Amino acid sequence: YFHLQTWIAETDAEDLLVTVREAPARRVTYALGYDRDEGWRGQLGWVHSNLFGRAVSWQTDVRLSRDTEQIRTFLQKPFLGPWPIATRFTAFRLEQERPAYFSRQLGTQIQADYLSATRRFGLLLGYRNVAVELADDRPATGGDPIPREEQQAQIASLSPSVFIDRRDDPIDPHRGWSALWQLEQAFPLASAEEEFTKVFAQATWTRPLPRHGVVAVSGRLGAIEPGPDAALPDASLPEGFASREVPISERLFAGGRTTHRAYRLDFLGVRGETLCGVVDTPRDEADLCRSDAPLGRYLPVGGNALALINLDYRFAISGALG
């Protein structure tokens, strides 16, 4: 922040003296909210924005909700040597409860971003250890729709991305468009053995109506291709259900507030492929992914493709409420 002082001489000329002082480098951040899928959630963090006096930012925060516990710490530099490339070094621990499974993740990431006025080019190198367990309250079944629930997955991946933003406001846009393209390539490295390719693309378009409100359109496409050395799927699975070789934590899901509000979290899918019915049959007679189970007895296991279009009409009710 800065302080201005002005002196006016008899000649009506103005001399301006600007005194600049550095803002406090340390601060505490906090947030509290409610979400339909997660219930009450809160976040508490600590930030040092000028570590060692070299514009290095250090942040540590904790996020808690009914289904998520996350702690992360990262260092961020606005430049990489003489180049305007922001770099970030992150370590995190994440525990997350999903409708069909519970996961624990521990990992590190190195990310570099080149920013311009409307574009961001990113490259992320990550390594994470993922442990997955089936939900305790899942219906009893003779077959097992998630055959890898007791296995740990070590994943090393490289992810380039491109983001173009032509909106008038990144938080509450009324006009413009944006586009995101991201590729993730998982490859064997040290103890990491998973190998797959994941592609994701998203585009948004926003336009104000002549009198009142805003129309917003969003489209998302995603696909996963297992690596050439991935294990073959079980013979009892439906034809084309290739994503069963990819860890469930990396598969594509839909349903919930961030994708489609009319469906419960992860429950938008295809019965017998991405939604597996659970029935009480002997294990040696059970189909691992049934499509004829009674309503309410399905587990979302994710898939290898995603196509989603959202259309919003946004309008003000009173003040900032809309």
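In this text the structure is predicted, and so the values were computed from the model without any measurement.

1. Topic: the environment of Ala190
Here's step 1: As for its placement among the helices and strands, Ala190 is situated in the loop between β11 (176-186) and β12 (196-208).
Here's step 2: Each C-alpha atom, one on Ala190 and one on Ala156, is 8.8 Å from the other, the two residues being 34 residues apart in sequence.

2. Digging into the side chain of Ser218
Here's step 1: One can find Ser218 in strand β13 (residues 214-226).
Here's step 2: Engagement of the side chain of Ser218 in a polar contact is seen with the side chain of Gln202, the distance being 3.3 Å.
Here's step 3: Not counting residues within four places of it along the chain, the set of residues in contact with Ser218 comprises Gln202, Ala203, Thr204, Leu308, Ile309 and Asn310.

3. Here's the deal with the packing of aromatic side chains
Here's step 1: Taken as a whole and judged by the stated rule, the model has five aromatic pairs.
Here's step 2: Measuring from centroid to centroid gives 5.4 Å for Trp46 and Trp58, while their planes differ by 80°, and the two rings are edge-to-face. Pair noted here: Trp46 is in strand β4 (residues 39-51) and Trp58 is in strand β5 (residues 56-65), with a separation of twelve residues, a long-range link.
Here's step 3: A cation sits over an aromatic face here: Arg98 above Phe253, 5.4 Å from the ring centre.

4. Things to note about the nonpolar core
Here's step 1: Within the largest apolar cluster, 18 residues are counted, with the highest numbers of intra-cluster contacts made by Tyr101, Val132, Ile155, Phe196, Ile224, Ile248 and Leu306.
Here's step 2: Listed by contribution, the elements that provide at least two residues to this core are β9 (119-134), β10 (152-165) and β16 (305-314).
Here's step 3: Phe267, Leu275, Ala293 and Tyr298 belong to the second largest nonpolar core, which has five residues in total.

5. Description of the sheet that holds β16
Here's step 1: Pairing is antiparallel across the open sheet formed by twelve strands, whose spatial order is β3-β4-β5-β6-β7-β8-β9-β10-β11-β12-β13-β16. Of all strands in the sheet, those with a lone pairing partner are β3 (26-35) and β16, marking the two edges. Averaged over all pairs of adjacent strands, the angle between their axes in this sheet comes to 15°, without regard to strand direction.
Here's step 2: Pairing of β10 with β11 involves seven bridges; the strand directions are antiparallel. Residue pairing in the sheet places Ser157 in a bridge with Ala186 of β11.

Criteria and cut-off values
- Residues numbered from 1 in each chain as written.
- Predicted model: local features only at pLDDT ≥ 70, side-chain atom pairs only at ≥ 80, totals over all residues.
- Heavy atoms only, no water.
- Helix = DSSP H or I, 4+ residues; strand = E, 2+ residues; numbered from the N terminus.
- Polar contact = N/O pair within 3.5 Å; in protein donor to acceptor, adjacent residues only side chain to side chain.
- Contact = heavy atoms within 4.5 Å.
- Phe/Tyr/Trp six-rings, centres within 6.5 Å; stacked < 30°, edge-to-face > 60°.
- Lys NZ or Arg CZ within 6 Å of the ring centre and 35° of its normal.
- Core = buried A, V, L, I, M, F, W, Y, C linked by side-chain atoms within 4.5 Å.
- Buried < 20%, exposed > 50% of the residue type's maximum accessible area, 1.4 Å probe, protein only.
- Pairing = 2+ DSSP bridges.
- Axes fitted to C-alpha atoms, helices over the stretch in contact; angles between N-to-C directions.

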